[in-house]
Amino acid sequence: AAAPTAGSALGPFEHWHWRGMVVRPAEQLAAALAQTVCPWDERAATSDRHCAVCQAHFQDVEEHLASLSHYTTLRSRLSSFAESQHFAFDRTVLVQTGQPWIQNFLGGVFFNHATLETTTAAVAAPAAPASAAFEV
């Protein structure tokens, strides 16, 4: 990822700090998403994903979440929300189902872009196609 330039809206330290904060949550999300890959479909391992916050398409969730463009968009959107709440902090609002920063990646994986938490819900495993059945 390119480092922010002197003319960018964020300083190099702010982006560096963001990358430090998001590294572990991004690893946790990547691990959860890896569990949703169907073992019968080779294309799933390189599937293109879509970010609900910045509308970007990406393949590497860790790289995307650490990117300057994602952070800038997230920061702007959360800043507007915080202002609309008169900067009153209420964790229950941040984790409330249906908030636009809580992304459903399907397969039972949810990522809260505001709190950086990954949650998973039990989802039935996809069935193997008939052609993949083992002969006895």
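All chains use their own residue numbering, which begins from 1 and follows the written sequence. Whole-chain, interface and lining totals are the exception, using all residues; otherwise, since this is a predicted model, local features are given only for residues with pLDDT of at least 70 and side-chain atom pairs are given and counted only at 80 or more. To obtain the side-chain values, all non-hydrogen atoms of the structure were used and water was disregarded.

## Remarks on the pattern of salt bridges
Working definition: two side chains of opposite charge can pair if their charged atoms are close together. Every case where a carboxyl oxygen of Asp or Glu lies within 4 Å of a side-chain nitrogen of Lys or Arg is listed as a salt bridge. Evaluation of the coordinates by the stated rule reveals two salt bridges. With a shortest N-O distance of 2.8 Å, Arg-75 and Glu-14 are connected by a salt bridge. Separated by 61 residues along the polypeptide, Arg-75 in helix α3 (residues 68-84) and Glu-14 in helix α1 (residues 12-34) bring together distant segments of the chain. The helix count covers DSSP runs of H or I at least four residues long, the strand count covers runs of E at least two residues long, and both are numbered beginning at the N terminus.

## Considering the nonpolar core
The term nonpolar core refers to a set of buried residues drawn from Ala, Val, Leu, Ile, Met, Phe, Trp, Tyr and Cys, joined through side-chain atoms within 4.5 Å. Burial classification: accessible surface area is computed with a 1.4 Å probe over protein chains only, and a residue below 20% of its type maximum counts as buried, one above 50% as exposed, and the rest as partly exposed. In this structure, Leu-29, Val-61, Leu-65 and Phe-105 are the most contacted members of the largest nonpolar core, which totals 21 residues. Contributing elements (two or more residues each) for this core: α1, α2 (61-66), α3 and β4 (109-112).

## Regarding the packing of α1 against α3
Each pair of packed helices gets described by two things: the angle between the helix axes and the distance between those axes. Structural elements are reduced to axes, namely lines fitted to C-alpha atoms, with helices fitted over the stretch in contact, and the angle between N-to-C directions of any two is expressed from 0 to 180 degrees. Closest axis-to-axis distance for the α1/α3 pair is 10 Å, and the angle between their directions is 95 degrees. Comparing the axis directions of α1 and α3 gives the class roughly perpendicular. Residues Glu-14, His-15 and Trp-18 of α1 form the contact with α3, whose participating residues are Leu-68, His-70, Tyr-71, Leu-74 and Arg-75. Taken together, the residues of the contact of α1 with α3 break down into four nonpolar, two polar and two charged. If an angle is under 35 degrees, it is roughly parallel; if it is over 145, roughly antiparallel; if it lies from 65 to 115, roughly perpendicular; otherwise it is oblique. Two residues qualify as a contact provided that any one of their heavy atoms is within 4.5 Å of a heavy atom in the partner residue. Three classes are used: nonpolar for Ala, Val, Leu, Ile, Met, Phe, Trp, Tyr, Cys and Pro, charged for Asp, Glu, Lys and Arg, and polar for all others, with Gly counted as polar.

These figures capture arrangement, not role.
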